[in-house]
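# Structural overview
Read off the chains here:
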Amino acid sequence: GDSVTQMEGPVTLSEEAFLTINCTYTATGYPSLFWYVQYPGEGLQLLLKATKADDKGSNKGFEATYRKETTSFHLEKGSVQVSDSAVYFCALSAISGDTGRRALTFGSGTRLQVQP
Amino acid sequence: DTGVSQDPRHKITKRGQNVTFRCDPISEHNRLYWYRQTLGQGPEFLTYFQNEAQLEKSRLLSDRFSAERPKGSFSTLEIQRTEQGDSAMYLCASSPTRGSGIEQFFGPGTRLTVL
C-alpha cells in the first residue's frame, strides 16, 4: 500500500537558519503530494502541494519539489522564524479503485522548534 | 468563516459509554473524510463519503464505529462501547468534487479521552 516516510523530530533551529525536512513516499501510479502544518492548538492546514513530477509547490517561503526519480518531496525554507514552530506532515493522495477516494496518507510528522 | 467545523472540540468519557461527534463540511463540498490521529502520529484514514453514500471504510473502523451523512450535508461518527484505545483526535475533512478535488480542508478535530 501507499506510505510516507519523513524524518523524525524534533528539529531544533535558530532563527534565520536553513530548514530541510526530508520526505519520501511509496505509491502506485502518480500521487499528488502535500505538506500540511499543524500549529500548536490548531487544526491541519495545507502548506503547499504538487500534482505531477518536477512541480514545485511554494507558500510562505517554504518550497518542495516533486521528484519522481527519487520518490521524494523534501520541504525547504531559506530562513526560518520563531513563528514557523509547528508540526509538519508530508502526505500523498492517490485515487483509490472505483470510489474516486482521494484519502490522504500521512507521514508521522516532524516537529520543528525555532529558537530566537 | 465557512470552514469545516467539528463538535464537540473535546470529549471525556468513561470506558463502555457511547459517544457521537459531528462534522459540518464546507457547504459546496461533496466529499467528506474522517481520520483518526493518535499522539505523535499522522492522521489515518477511517471512512469516506461522497454526498450521502459511504463509499469506503478502513480496516481501522471496527464494528463499534459507525458513520453517517444524511442528506449529504453534515456527518456524524459514533463510537459504541468506547475503549481506552479509542482515545485520539478525530479529524474531519472535506473536498470539492469539481476540478481535481485533491485538496482537503480539515476541521479543528474532536479530542476524545476515554478513562
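## Considerations on the overall build of chain B
Each helix and strand counted, chain B has zero helices and 11 strands in total. For chain B, the succession of helices and strands along the chain, N to C, is β-β-β-β-β-β-β-β-β-β-β. Taking 13 Å as the expected radius of gyration for a compact globule of 115 residues, we find that chain B reaches 13 Å, a close match to that expectation. If one aligns the C-alpha atoms of chain B with their principal axes, the spans along those axes are about 45 × 25 × 25 Å. Across the 115 residues that make up chain B, the buried fraction comes to 47%. A gap of 4 Å separates the mean positions of the 15 positive and 13 negative side-chain charges of chain B.

## Let's talk about the interface of chain A and chain B
Each partner contributes residues to the interface: chain A has 21 residues there, and chain B has 23 residues. Each partner contributes to the roughly 1700 Å² buried at the junction of chain A and chain B, and carbon and sulfur atoms together form 56% of this total. Note that Lys-49 of chain A is salt-bridged to Glu-103 of chain B, the shortest N-O span being 3.1 Å. The tally of links from chain A across to chain B stands at four residue pairs in polar contact (both at pLDDT 80 or more). Where the side of chain A that touches chain B is concerned, the elements lending two or more residues are β5 (32-38), β6 (44-50) and β11 (104-106) of chain A. Tallying contributions element by element places β5 of chain A first for the side of chain A that touches chain B, with four residues. Grouping the constituent residues of the side of chain A that touches chain B by class yields eight nonpolar, 10 polar and three charged.

## A word on the packing of aromatic side chains
Here a ring pair, both rings aromatic, is described through the centre-centre distance and the interplanar angle of the planes. Residues and elements named next belong to chain B. What the rule picks out here adds up to 13 aromatic pairs over all chains. Centroid distance Tyr-35 to Phe-45: 6.3 Å. Interplanar angle 75°. Geometry classified as edge-to-face. Highlighted residues: Tyr-35 in strand β4 (residues 31-37) and Phe-45 in strand β5 (residues 44-50), separated in sequence by 10 residues. Just above the ring of Phe-74 sits the side chain of Arg-22; from NZ or CZ to the centre is 3.9 Å.

## Here's the deal with the confidence of the model for chain B
Detailed conclusions should not be drawn from predicted coordinates in areas where pLDDT is low. Here chain B averages 92 in pLDDT, while 96% of its residues score no lower than 70. Confidence, read as mean pLDDT per element, is least for strand β6 (residues 53-57) of chain B in chain B (90) and greatest for strand β3 (residues 19-24) of chain B (98).

## Brief notes about the sheet that holds strand β8 (residues 62-65) of chain A
All names here are of chain A. Reading across from one edge, β3-β9-β8-β7 is the order of the four strands in this open sheet, with antiparallel pairing throughout. Each edge of the open sheet is held by one strand with a lone partner, namely β3 (19-21) and β7 (56-59). The mean inter-strand angle of the sheet, taken between neighbouring strand axes irrespective of direction, is 15°. Pairing between β7 and β8: four bridges, direction antiparallel. Following the sheet pairing, Asn-59 is matched in β8 by Phe-62.

## With respect to the sheet that holds β3 of chain B
Residues and elements named next belong to chain B. Read across the sheet, four strands follow the order β1-β3-β8-β7 without closing on themselves; strand pairing throughout is antiparallel. The open sheet is flanked by β1 (5-7) and β7 (65-68), the only strands paired with a single partner. Across this sheet, the average inter-strand angle for adjacent strands is 15°, counted without regard to direction.

## Side note on the nonpolar core
Counting residues in hydrophobic clusters, the biggest one holds 26 residues, and the most contacted among them are Leu-19, Trp-35, Leu-47, Leu-48, Phe-73, Leu-75 and Tyr-88 of chain A. Taken together, the elements giving at least two residues each to this core come down to β2 (11-14), β3, β4 (23-26), β5, β6, β8, β10 (86-93) and β12 (110-115) of chain A. If you tally residues by element for this core, the top one is β10 of chain A, at four residues. Judged by nonpolar contacts, the second largest core, of 19 residues, contains Val-19, Trp-34, Phe-65 and Leu-77 of chain B.

Analysis parameters
- Residues numbered from 1 in each chain as written.
- Chains lettered and ligands numbered in written order.
- Predicted model: local features only at pLDDT ≥ 70, side-chain atom pairs only at ≥ 80, totals over all residues.
- Heavy atoms only, no water.
- Helix = DSSP H or I, 4+ residues; strand = E, 2+ residues; numbered from the N terminus.
- Rg over C-alpha atoms; globule rule 2.2 N^0.38 Å.
- Buried < 20%, exposed > 50% of the residue type's maximum accessible area, 1.4 Å probe, protein only.
- Lys, Arg positive; Asp, Glu negative; His and termini not counted.
- Charge placed at Lys NZ, Arg CZ, Asp CG, Glu CD.
- Contact = heavy atoms within 4.5 Å.
- Buried area = accessible area lost by both parts, 1.4 Å probe.
- Salt bridge = Lys/Arg side-chain N within 4 Å of Asp/Glu carboxyl O.
- Polar contact = N/O pair within 3.5 Å; in protein donor to acceptor, adjacent residues only side chain to side chain.
- Nonpolar A, V, L, I, M, F, W, Y, C, P; charged D, E, K, R; others polar.
- Phe/Tyr/Trp six-rings, centres within 6.5 Å; stacked < 30°, edge-to-face > 60°.
- Lys NZ or Arg CZ within 6 Å of the ring centre and 35° of its normal.
- pLDDT = per-residue confidence, 0-100.
- Pairing = 2+ DSSP bridges.
- Axes fitted to C-alpha atoms, helices over the stretch in contact; angles between N-to-C directions.
- Core = buried A, V, L, I, M, F, W, Y, C linked by side-chain atoms within 4.5 Å.

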